[in-house]
Amino acid sequence: MQIFKKPNFKFMKYKYIAFSMSGILILIGIINITSGKGLNPGIDFAGGSLIRIVFRDPTPISQIRQSLAEVGLGKSRIQEVEKTEREYIIRSFSITGEEGEELGIEAHEVIGNRVIDALRGTEDKSSLERGLKNLNSIDRTTLTLILEPSFPEQASEIATTIIDFRVAEGIIKDLAELQQATGISQEAVDFLKGQTFLGHLTVLSRETVGPQVGHDLRRKAAQATVWALIGLLIYIGIRFKFAYGVSAIITLAHDVLITLGVFSLTNREINLPVIAAILTIVGYSLNDTIVIFVRVRDNLKIMRRHGFEDILDSSINQTLSRTVITSSTTFLTVFALFLFGGEVINDFAFTLIIGVLVGTYSSIYQSCPLLYFWNKIFKPKKGMGK
Amino acid sequence: MKKKLRWKVILILVVIALAVFLSYPPGEKINFGLDLQGGMHLVLQVITDDAINAETDQAILRLQEQLKKEDIGYETMPKGEIGRFSAQGIDPSQEAKIKEILDDYFRDWDYTIIGNAISLSLKSGVAMQYREQTVRMSQETIRNRIDELGLAEIPIQRQGGYGSDRIIVELPGVENPERVKNLIKTTAFLEWKLVYAGPAPDEETLLKKFEGELPEDKEILKADPNSSEQGYYLVDRVAPITGQDLRNARRSTDQWNNPAVQFMLNPDGAKRFYKFTSDNIGKLLSVVLDNRIYEVATIEGRISDSGIIRGTFTIEQADDLSMVLRAGALPASIRYLEERTIGPSLGADSIRRGLTAITAALILVILFMVFYYRVSGLNAVVALVLNILILMGALAYFKAALTLPGIAGIILTIGMAVDANVLVFERIREELSTGKDIVNSISSGFARAFRTILDANVTTIIAAIFLFQFGTGPIRGFAITLIIGITASMFTAVFVSRVIFDLGSARKKREKLSI
């Protein structure tokens, strides 16, 4: 099968349209970043605390908001995981200013603890006060210890079964279900009924980042991006010509700016994985660009009689099948990641999707027109070939 | 079959065997990152100022001693900014003598004498050394404590190189994160000190006997809220015996069967403790942990090499205290800068989802390639599967952790690895369309595509290397899988695919190439 038999599109004809379209997109992004919603830094960069919990019973988001508002944490951001009504990600607002710097991570910790306490509710607290153990947060060793007196032989076995069940399910909803799934004895269940209770929620993960680290990570992310760009400029400069390096780098900047613009418009949080994804886009988009540039380099030798614009057009056309196919396979995989990868990796996958689309477009409509303009403005004496 | 081709096939089989051998079974051989197996990632900062302050305190005591010995008077000796102190109200006529003392005994300090005041500051090189040493010792102590927890072979890394005050601890599969955090953070500096007054409800009452003035060699300490003691005590500033003299510590019980900590001293410590207790029978002795009083008891007899620390401990607390005492005290306090705890459920969930995403991506790409390139597409599929095998083998060999972003890296590799195949196939098609025969088209297709593949992949690898350089944990996992995957794709898509094509052509004269 072949999508394009002998493609002969006049890509360069639309260079001005493409430039203005990109310009408008970038401008919208920049305006939104600087004077609109801005960029939304996640806890990696802004510091703060991110807690992921699962409730024993379905709990509507409004109830969580209310519980948090009651203890003065109404500003927390609550995100439901996949419409489960049970699993939520809660980001407590970061503490900024002098006090924040001074208190650092301890303050975030305290707030995180307050969030968890508020959501646990009074029922759990009174059970704990009556000396019962929370089966939804107890660790293996402690559970074994309390089982030991009544079940000297099987204590650790029962404990392991129960904890494994909890790990697989996230939270134990009720003891009957536990018994059915694991087959632990009726005596053990009766014992657990007397000694333990099923806590209202389980903390699945908890991340706390202090302000200093956020500051460091910001610096490192910027450094990595800048150094990567410099490294690439040098490599392309050596393998091709300086002009190609400059066009490629401007194209990459274009991709990064548009991606950031999309993040600002969709108000998604920017965390470390997103930066990683942006750097990956840089690599990917460049990959695409280089393939076309290699063709241009070759065609400059073959098509000596043709104008530079023609050469660019045929280079794009000759590599068009490859560009489309590779973009498709990459897009398919990234899309699979977006669909099935789960909440944790979702922003990362989203960035890659944007990146693959923008990167493919830009390697055709940015890098080549940029070469064209370089040739037109600077009129290099030795031509554009190497 | 040509001889050269046979060797190539053997090489490929060896690579497959090696990759499988290294990575099978993946559950055991592949090292899962904390985000997949659950665990804690902690970044802590050693407050190295503590060490400088301690050194300054020592220097103040030494200078006081020296001045006393030489009979030089002074009024006060206050501490200044970090690593600085001064002596005020010195007789200026004694300047020469003072200079002699400072030159002889305070070589680590810069000093200036102006009028009747001397100001001293710790030399910056020396201060750097102290800080460095403090971080190293803390790292060592934390390692000991983690070992005590029974988690061997946990890397306790320094973040950054010389001069950095940050330590990274990564603990897999922690069930009780709060306990571990406290265990690492406790300074655990144990001292035994004689008590002169107390308990008193506040400092003023305590000092009434001394007309409100704190005696020079004494200090006021507060009872720990977790102990059975209360209020404030006046104790010796310097302790005759400290945690450094310990040989061992373990949980035991006191005479009322409550959990307690039994300690054993090393021979030198035991000798000193014996003499000290003999000299002070009937007096009150306090057990001080991190500047808080834990227990006050009358010295009833001579104690030599072992004894008991009581408090209101739970079994767990007694365990933890003996554990940190065995591991040794931290030379400075530490604080947490970053902590990420991933529960085992979430990790297992991420693995499940990651596998689903990989499978989906693989199926989609395979369908696409076979649909578009027919039989040659199968060739690319073989290369792709081999690529993933090599990736797994390399991950196992380098003991690199597979993280969730790492799984994303594998998925992205699946998409991008076929790029090399696509470049080759498209070139072959072009060559075929110019009327060349199949064998020639294949060979020039590969030759021409190779330079493109090289240039395009090197650029991606450059970006990934910088990602690795600045990233931590999960991000590094992503960069590594991407680097390995792309490098492997050069082998699989260029070398292996070529061999498969050649095998096809060698068997029979081909009339048609399914591409």
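Keep in mind that this is a model prediction, so the values were computed, not measured. Numbering of residues starts from 1 in each chain and follows the order in which that chain's sequence is written. Each chain gets a letter, beginning with A, and each ligand a number, beginning with 1, in the order they are written. Side-chain atom pairs in this predicted model are given and counted only at pLDDT of 80 or more, local residue features only at pLDDT of at least 70, and totals for whole chains, interfaces and linings cover all residues.

The next thing to look at is the overall build of chain A. Secondary structure elements are taken from DSSP: a helix is a run of H or I of four residues or more, a strand is a run of E of two residues or more, and numbering for both begins at the N terminus. Helix and strand content of chain A: 15 helices and eight strands. The C-alpha atoms of chain A give a radius of gyration of 29 Å, which is well past the 21 Å a tight globule of 386 residues would have. The C-alpha extent of chain A, read off along each of the three principal axes, is 95 × 55 × 35 Å. Across the 386 residues in chain A, those meeting the buried criterion constitute 45%. Any pair of residues counts as being in contact when their C-beta atoms, constructed from backbone geometry, are within 7 Å of one another. The long-range fraction of contacts in chain A, counting pairs at least 24 apart against all pairs at least 6 apart in sequence, stands at 75%. Values of the radius of gyration come from C-alpha atoms, whereas the globule rule sets the reference at 2.2 Å times the count of residues to the power 0.38. Neighbour counting defines burial: a residue surrounded by 20 or more other C-beta atoms within 10 Å of its own C-beta is buried, one with 12 or fewer is exposed, and intermediate counts give partly exposed, using backbone-placed C-beta atoms.

Before going further, it helps to examine unusual backbone geometry. The residue after Tyr24(B), namely Pro25(B), is reached through a cis peptide bond having omega -10°. Residues other than glycine seldom take positive phi values, yet Lys379(A) does so here, at roughly 40°. Within the element layout of this structure, Lys379(A) appears in the segment after helix 15 (367–378). With a phi angle near 60°, Ala188(B) is a residue other than glycine that sits in the positive phi range. Owing to 21 C-beta atoms within 10 Å, Ala188(B) belongs among the buried residues under this scheme.

Bringing the sheet that holds strand 13 (residues 259–265) of chain B into the picture now. Strand pairs in the sheet, formed through backbone hydrogen bonds, run parallel or antiparallel to each other. All names here are of chain B. Pairing is antiparallel across the open sheet formed by three strands, whose spatial order is 12-13-16. A single partner strand is all that each edge strand has here, and the edge strands are strand 12 (246–253) and strand 16 (306–309). Across the sheet, the mean angle from the axis of one strand to that of its neighbour is 25°, orientation sign disregarded. Pairing of strand 13 with strand 16 involves four bridges; the strand directions are antiparallel. Within strand 16, the residue paired with Gln262 across the bridge is Ile308. Across the sheet, helix 10 (residues 315–327) lies against strand 12 and strand 13, angled at about 175° from strand 12, the strand it touches most. Paired strands are those between which DSSP finds at least two bridges. Fitted lines through C-alpha atoms serve as axes, helices being fitted only where they are in contact, and the angles separating the N-to-C directions of these axes extend from 0 to 180 degrees.

Across the boundary between the two partners, chain A contributes 60 residues, which contact 58 residues of chain B. Here the term charged refers only to Asp, Glu, Lys and Arg, the term nonpolar to Ala, Val, Leu, Ile, Met, Phe, Trp, Tyr, Cys and Pro, and the term polar to all other amino acids, Gly among them. Tallied by class, the residues present in the side of chain A that touches chain B amount to 34 nonpolar, 18 polar and eight charged. Direction of pairing for strand 7 (residues 201–209) of chain A relative to strand 17 (residues 334–342) of chain B: antiparallel, over a ladder of five bridges. Residue pairing for strand 17 of chain B: Ser205(A) is matched across the bridge by Ile342(B).

Moving on, we get to the packing of helix 12 (residues 308–318) of chain A against helix 15 of chain A. All names here are of chain A. The interhelical angle for the contact between helix 12 and helix 15, taken along N-to-C directions, is 165°, at an axis separation of 10 Å. Considering their axes alone, helix 12 and helix 15 lie roughly antiparallel with respect to each other. As helix 12 runs across helix 15, the sense of the crossing is right-handed. Contacts between helix 12 and helix 15 involve Phe308, Glu309, Leu312 and Ile316 on the former and, on the latter, Cys368, Leu371, Tyr372 and Asn375. When the residues that make up the contact of helix 12 with helix 15 are grouped by side-chain class, the tally is six nonpolar, one polar and one charged. Angle categories: roughly parallel below 35 degrees, roughly antiparallel above 145, roughly perpendicular from 65 to 115, and oblique for all the rest. By convention the crossing between two helices is left-handed if the near helix lies anticlockwise of the far one by an angle smaller than a right angle, and right-handed if it lies clockwise.

A word on helix 10 of chain B. All names here are of chain B. The end-to-end C-alpha distance of helix 10 is 18 Å, a good match for the 18 Å that 13 residues give at a rise of 1.5 Å each. Structurally, helix 10 contributes buried residues whose contacts are with helix 6 (124–148), helix 7 (177–185), strand 8 (190–200), strand 12 and strand 13. In the stretch just after helix 10, Gly328 is the one whose phi turns positive, near 100°. Expected span of a helix, by definition, is 1.5 Å for each gap between consecutive residues, and there is one gap fewer than residues.

Attention shifts here to the nonpolar core. Nonpolar side chains tend toward joint burial in soluble globular proteins. A set of buried residues drawn from Ala, Val, Leu, Ile, Met, Phe, Trp, Tyr and Cys, joined through C-beta atoms within 7 Å, is what defines a nonpolar core. One finds Ile53(A), Leu279(A), Leu337(A), Ile411(B) and Leu467(B) to be the most contacted residues of the largest nonpolar core, which totals 237 residues. Per element, the largest residue contribution to this core is 20 residues, and it comes from helix 11 (residues 344–397) of chain B. With residues near it in sequence (within four places) discarded, Leu467(B) still touches Ala224(A), Ala276(A), Leu279(A), Ile475(B) and Ala479(B).

This next bit is on the pairing of strand 8 of chain B. Regular strands place side chains that alternate from one sheet face to the opposite one. Residues and elements named next belong to chain B. Note that strand 8 and strand 14 (residues 284–289) share six bridges and pair antiparallel. Paired with Val195 across the strands is Leu284, a residue of strand 14. Pairing geometry for strand 8 and strand 10 (residues 232–236), over three bridges, is antiparallel. Across the sheet, residue Ala200 finds its bridge partner in strand 10, namely Tyr232.

Residue and element names in this part refer to chain B. With 98% of its residues at a pLDDT of 70 or more, chain B shows a mean pLDDT of 87. For every residue, the predictor reports its confidence as pLDDT, a number between 0 and 100. Mean pLDDT values for the elements of chain B range from 80 in helix 8 (residues 203–207) up to 93 in helix 11. As scored by the predictor, the complex reaches a pTM of 0.82 and an ipTM of 0.88.

Counting through the fold element by element, Ile290(A) comes out in helix 11 (residues 272–302). Taking the C-alpha atoms as reference, Ile290(A) lies 10 Å from Arg239(A); in sequence the two are 51 residues apart. Those residues in contact with Ile290(A) that sit more than four places away from it in its chain are Asp455(B), Ala456(B) and Thr459(B).

All names here are of chain B. One open sheet holds the three strands; their spatial order is 3-5-4, and the pairing between them is antiparallel. Of all strands in the sheet, those with a lone pairing partner are strand 3 (84–88) and strand 4 (109–114), marking the two edges. Recorded for the sheet is a direction-independent mean angle of 15° between the axes of neighbouring strands. As judged from the six bridges shared by strand 4 and strand 5 (residues 117–122), these two strands associate in the antiparallel manner. The residue bridging Trp109 from the neighbouring strand is Leu122, located in strand 5. Packed on one face of the sheet, helix 4 (residues 49–69) meets strand 3, strand 4 and strand 5 and runs near 20° to strand 3.

Looking now at the packing of helix 9 (residues 211–239) of chain A against helix 13 (residues 438–470) of chain B. Running from amino to carboxyl end, helix 9 of chain A crosses helix 13 of chain B at an angle of 155°, the nearest separation of the two axes being 9 Å. Here helix 13 of chain B runs roughly antiparallel to helix 9 of chain A, going by the angle between their axes. Both helix 9 of chain A and helix 13 of chain B take part in a crossing whose hand is right-handed. Between helix 9 of chain A and helix 13 of chain B, the contacting residues are Lys220(A), Ala221(A), Gln223(A), Ala224(A), Trp227(A), Ala228(A), Gly231(A), Leu232(A), Tyr235(A) and Arg239(A) on the first element and Asp455(B), Val458(B), Thr459(B), Ile462(B), Ala463(B), Phe466(B), Leu467(B), Gln469(B) and Phe470(B) on the second.

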